[in-house]
Structure formats: structure tokens, C-alpha cells
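# Coordinate analysis (summary)
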Amino acid sequence: MIIGIDQGSSSTRCIVADAELRTLASASSPVTTLRPGPGMVEHDPEDVLRGVLGAMREALEAAGDPAVAAVGIATQTETFILWDAESGDPATGLISWQDQRAEETARALEEHAAAIEAATGLPLAPTFSAVKLAWLFEHEPGVLASAQSGQLLFGDVACWLSWRLSGGSAHVTEPSNACRTLLLDLDTLGWRDSLCEVFGVPRSMLPELRPSDRPGVLTNGEVAGFEAPIAATLGDQPAALYGQGCTRPRMAALTLGTGAFLWLNVGPDRPTAPPGVLATVAWDAAAGRAYALEAFGANAGNALRLLRDLGLLGEPPSPAPDWSRPLPMLVPAPAGLGTPHWHGADRITLLEAGSTTTRDALSQSAVAGVAHQVADALDAQDARVAIDVLRVGGGLAADEALVQAIADLSGIELEVSSAPEATARGIVALAAAGAGLRPDEDQAPAVARSVAPRLDPAGRERERERWRRAVDVHVSETVGV
């Protein structure tokens, strides 16, 4: 049996599966979010570790305590921790990708922004680990001194969990997590000295880079409760891409949850990203290297929940937009606008509503407003590499009206996955391949249903142009917000 660990910002989920990727049992543990200061978002590392161990034990017990042949770990990217190289004690919390304490640090490094993006494929932003590392070194001199002396180690969540589960025997990571630090050269997939110098990061604190499916780490029986190879580690969204079977170029995975995450496999060569889209690496495995283009819709489940709370949207199921009549234009952006706009204002804009507007029309507009944001991300991503296959997963994949609206507004046929836990499935599949338990082949789950566009090209362009005008108003009215 293979254990798949999906460690996220709100929960840790563990599944026990066989080599045919059939889930036998699962368990989860909540993750508490801490806010120790303005803009700061952290998790207690020991609490997260306890949650991982507890979820593993509960899932194994539910599966009948089988022997474990391999472990796979998928984790939230950009989140990181520093710990003592000798004792293993955390020197910081798990500093979250959501943490924005380093905004001023990012502005102070702006002269290096172009070089950073050219090397890493990512913009200079406080989301990424190295910017917050530079902030720590500036504001906590003791941390810098300890790092320079070799006392402290740096790692992403998968790196740290591998260290702890192995009893401190390995300080390793892999490219899909490492590339989110702003310290990895996206061409060579190696640490880049010039980037370490920009952020003041000692190379000695960085983990050894290994392939995604060959970490070379063995769990410690006293810590994990069993001995087995940790056969794969990945970031959460690359794991979802792999779990949806998007292992060939021009295959994309759309995960609909709190936000909408869109990853497009572009093959073994580094891509040039269109404006507003990120270039990144999905995995580096025995079967080959895969780069990806990443686009992000900031609003999906979060916007629908808020609109329900405000009474603009009824309880599920959502109403399907009726494109035969002009609907009011609703721009639901409580988390700002993502790709390609990257406009951060927390605002909902309603246009073209009047005295005869019904609640049902507003509900349809709400669904359309979320679907338009996903279509924006698809349009931006599709500008450079055409999408042949688009597979949809995540909790909102069951919202038939939303999925249909996305198909209508993007003009792309969607394949809704039968696998609800693509991230866990993906890391189990890669771990099984890494451990030699199954060939590294197409991991595609069955398609639950295909959703074809029902809106003709002329109607689609009409609605998309109305949306673009609404976004222009939304952005112009929220300048400086």
C-alpha cells in the first residue's frame, strides 16, 4: 500500500491506496492558522507534524494496518520553515504563502525584479519564500547570524516533513517546491548563487535538490510507526496536474475550490509565459521533466459563499446563466482579480441592474461573474500554448451550472474528473512509480462527464466584451483601494 499525504493550509489529508490507485481509507486533520502580527500568517510546525502523524495512523487503522511500501508527500508551496540543524527544533513557525509581512522588502529589492523573473519565471513578490527570508534576516539579526554559521536549515513543508519523518537523516527537496523560493534557476533546476546573493541567503542552509520521484529518504520507524521509502514529493498543484493524468503537453488541470487554479503542461522545455501568467516547473521525474504555465482565478468558492451570505445567490445548486437575455454584469472580487489583471482590491461591482432586475437574474450574474474570471485565466494561458485537454477537479467541479458557464465562456470542452482528490491521487501515483510499484504512465482517472460549450462564438464574444467593459469600470473605480 502507498500513503499519500496532502498537507495544505487549512487541513492535512492522508489516503491509503493500492498500486492501482484505489483509495482504501482516508483521514484528515485541521490546520490552525496563526496571525502573530500585521500581515503575518503562520502555522505551528509541531502541530502540523502531529496532524500528519495522526492522519496517517487513522488512515492506516481504517485500512486494516497494511504494510506500507511507499510514501508520497504533496504540500502547500511557498510556505517554509527554519530549524536547528542539530536538534531539529523549529526556529520559526511555518511561514505561510499567504504571509505578506515582506511587502516593503520586496519594494526595496525592485531593482532586481527583472533579473529575478528572467531566472525564475516568477515575479518579485512577498508571497515567495526568499523575500520573507530577507525580511527575517533584516528584522531578526540572530536568525541571520545562526544561518551564516550553519546552525539553521531552510526548507519547504515537504522538505521539513521528510526531515522529521526520517528522524533527521535527509535535508532534501525537489524542483516543484524549490522553484517557488525565487532561488532556483528555472533552466538548470539548480540553486543560483546570484539569487542567493540578492536575498542574502547562505547556500549552506538550502536543501539538496533531488528528482521529484527519487528523494532517497526512508521513514524512521520510531517517528512514523513504520519504515518505508518516501518515494515522491511535489507541490500541491503539480500533484493535482499529475493526478488528473495531465502528463503530456497541452493537457491542463483546473482545480475549482476557494479559488480557481489552472496548470497547463507545456512539456520538457522552459516556456515563455504570456503577460500575467507564471512559468514554473511541475516535476522532474524518471519519465522526464515537465514545465507548466500557471494561471490563477482568485475567486471561486470564496466568492460564491460571500454572495450567498449577501442574499445575491441562493443555496446550491447554482442557477445556470441564461445567455438569451442580457444579464446584469457582476464582478465578484472579494479576493481581488487574478490572472491576467492582478488587481488586489476587495470589491464587488454590479452594473446594468435596474428596477426590473430579479433576484434570479442576479444569481445567474453571480455564477457568470465567477466563470468569466476562470475564462480570463484560460484566455491568458491559451495565448501561448493551445489547450488540447482540460480536466476539472476540486469541490466545485460538482457545480454543474458553474462548469457549464466556464465551458460556454471559454469555448473549451471540459472533462470533469471522477477523482475528487486529485492532489492526493497524484502524489500516490508518482510515489508508486518512484518505488517501482507501477509504470510511470498516463495516470488519468475516469471522466465523470464531458461538458461542451452551448454558447455560439458570436454570443461568447458578446458576453466576453460586456465582461471586459465591466472589469474596466471595476478597476477604474477601485484605483488605490
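Figured I'd write up the structure that's included with this text. (Residues numbered from 1 in each chain as written. Predicted model: local features only at pLDDT ≥ 70, side-chain atom pairs only at ≥ 80, totals over all residues. Heavy atoms only, no water.)

### Here's the deal with the overall build of the chain
Just so we agree on the cut-off: Secondary structure is summarised from DSSP: a helix means a run of H or I of at least four residues, a strand means a run of E of at least two, and numbering begins at the N terminus for each. It is over C-alpha atoms that the radius of gyration is taken, and the globule rule equals 2.2 Å times the number of residues to the power 0.38. For the exposure calls, accessible area comes from a 1.4 Å probe over protein chains only, and a residue counts as buried if that area is under 20% of its type's maximum, exposed if over 50%, partly exposed in between. Reported accessibility uses the Shrake-Rupley method at a 1.4 Å probe radius. Residues are deemed covered only where the shown protein chains occlude them. When charges are counted, Lys and Arg contribute as positive and Asp and Glu as negative, whereas His and the chain ends are disregarded. Charge coordinates come from a single atom per side chain, which is NZ of Lys, CZ of Arg, CG of Asp or CD of Glu.
When helices and strands are tallied, the chain shows 15 helices and 23 strands. For 481 residues, the compact-globule estimate of 2.2 N^0.38 gives 23 Å, and the chain sits close to it at 22 Å. In terms of its C-alpha atoms, the chain occupies a principal-axis envelope of roughly 70 × 50 × 40 Å. Counting over 481 residues, the chain shows a buried share of 58%. Accessible surface, the chain as shown: approximately 18200 Å² in total, 49% of it carbon and sulfur. Side chains of the chain give 35 positive and 61 negative charges; the mean places of these two sets differ by 5 Å.

### Digging into the pairing of strand β18 (residues 288-297)
Threshold: When DSSP locates at least two bridges between a pair of strands, those strands are taken to pair.
β18 sits mainly inside the fold: seven of its 10 residues count as buried. Judged from the seven bridges that link them, strand β16 (residues 260-267) and β18 form a sheet pairing that is antiparallel. Its bridge partner being in β18, F261 is matched across the sheet by F296. Bridge analysis of strand β17 (residues 278-285) against β18 gives seven bridges, and the strand direction is antiparallel. What sits directly across from L278, in β18, is E294. Here β17 hands over to β18 after two residues, the two strands then running antiparallel side by side.

### Quick look at the packing of aromatic side chains
Within a pair of aromatic rings, the relevant descriptors are the distance that separates the centres and the angle that separates the planes. For the record, the criterion: For this analysis, a ring pair means two rings from Phe, Tyr or Trp (six-membered ring only for Trp) whose centres lie within 6.5 Å, classed as stacked if their planes differ by under 30 degrees, edge-to-face if by over 60, and tilted for the remaining angles. Ring-over charges, as used throughout, are those where CZ of Arg or NZ of Lys falls within 6 Å of the ring centre and within 35 degrees of the ring normal.
One pass over the full model with this rule turns up five aromatic pairs. Relative to W342, the ring of F296 lies with its centre 6.4 Å away and its plane at 25°, an arrangement referred to as stacked. Linking F296 in strand β18 with W342 in the loop between β19 (329-333) and β20 (347-351), this pair joins segments that are 46 residues apart in sequence. Here the basic side chain of R101 rests over the ring of W135, its NZ or CZ set 5.1 Å away from the ring centre.

### Section: the sheet that holds strand β1 (residues 2-7)
Each strand in a sheet pairs with its neighbour through backbone hydrogen bonds, running either in the same direction (parallel) or in the opposite one (antiparallel). Our working definition: Contacts are residue-level and defined by heavy atoms, with any inter-residue pair within 4.5 Å sufficient. Helix axes are fitted to C-alpha atoms over the stretch in contact, other axes to C-alpha atoms as well, and angles between N-to-C directions run from 0 to 180 degrees.
With mixed pairing, six strands are arranged side by side in an open sheet as β3-β2-β1-β5-β14-β13. Two strands lie at the open edges of the sheet, namely β3 (23-30) and β13 (217-218), each paired on one side alone. Looking at chain direction, strand β5 (residues 70-75) and strand β14 (residues 229-235) are connected through five bridges and run parallel. Each residue of the ladder has a partner; that of T75, found in β14, is G235. Lying on the sheet, helix α10 (residues 236-243) is in contact with β5 and β14; it crosses β14 at an angle near 105°.

### As for helix α12 (residues 359-382)
What counts here: For a helix, the expected span equals 1.5 Å multiplied by the residue count minus one.
For α12, which comprises 24 residues, the first-to-last C-alpha distance of 34 Å matches the rise-based estimate of 34 Å (1.5 Å per residue) to within 8%. Of all 24 residues making up α12, 20 are buried, and the element is well covered by its neighbours.

### A few points about the packing of helix α13 (residues 400-410) against helix α15 (residues 457-477)
What counts is decided by this rule: The scheme is simple: roughly parallel for angles under 35 degrees, roughly antiparallel for over 145, roughly perpendicular for 65 to 115, oblique for anything else. Asp, Glu, Lys and Arg are counted as charged, while Ala, Val, Leu, Ile, Met, Phe, Trp, Tyr, Cys and Pro are counted as nonpolar; the rest, among them Gly, fall into the polar class.
In contact at an axis separation of 8 Å, α13 and α15 are set at 100° when each is read in the N-to-C sense. Put simply, α13 runs roughly perpendicular to α15. Counting all contacts with α13, which are made through D408, L409 and S410, the residues of α15 involved are R460, E463 and R464. Taken together, the residues that form the contact of α13 with α15 break down as one nonpolar, one polar and four charged.

### Quick look at unusual backbone geometry
A cis amide bond, omega 5°, links P316 with the succeeding residue P317. Here the bond from T339 into P340 is cis, since omega is -5°, no more than 30 degrees from zero. Within the fold, P340 resides in the loop between β19 and β20. Residue E78 is not a glycine yet carries a positive backbone phi of 75°. Locating E78 in the fold gives a position in the loop between β5 and β6 (80-84). Phi at W342 takes a positive value of approximately 50°, unusual for a residue other than glycine. Looking at W342, the relative accessible area reads 45%, which means it is partly exposed.

### Examining the pattern of salt bridges
To keep things clear, this is the line we draw: We define a salt bridge as a side-chain nitrogen of Lys or Arg found within 4 Å of a carboxyl oxygen belonging to Asp or Glu.
Under the counting rule described, the total for this entry stands at 24 salt bridges. In this structure, D376 engages R464 in a salt bridge whose closest nitrogen and oxygen atoms are separated by 2.6 Å. Here D376, found in helix α12, pairs with R464, found in helix α15; they are 88 residues apart in sequence, far enough to count as distant. Using a relative accessible area of 7% as the deciding quantity, one classes D376 as buried. When salt bridges that share partners are traced, they join E352, R462, E463 and R466 into one network.

### Details of the environment of E117
Of note, E117 is situated in helix α3 (residues 113-120). A residue is classified by how much of its surface remains accessible, and E117, at 40% relative accessible area, is partly exposed. Remark: the alpha-carbon pair of E117 and A295, spanning 178 residues in sequence, is separated by 16 Å. When neighbours within four sequence positions are excluded, E117 is seen to be in contact with L122, P123 and R270.

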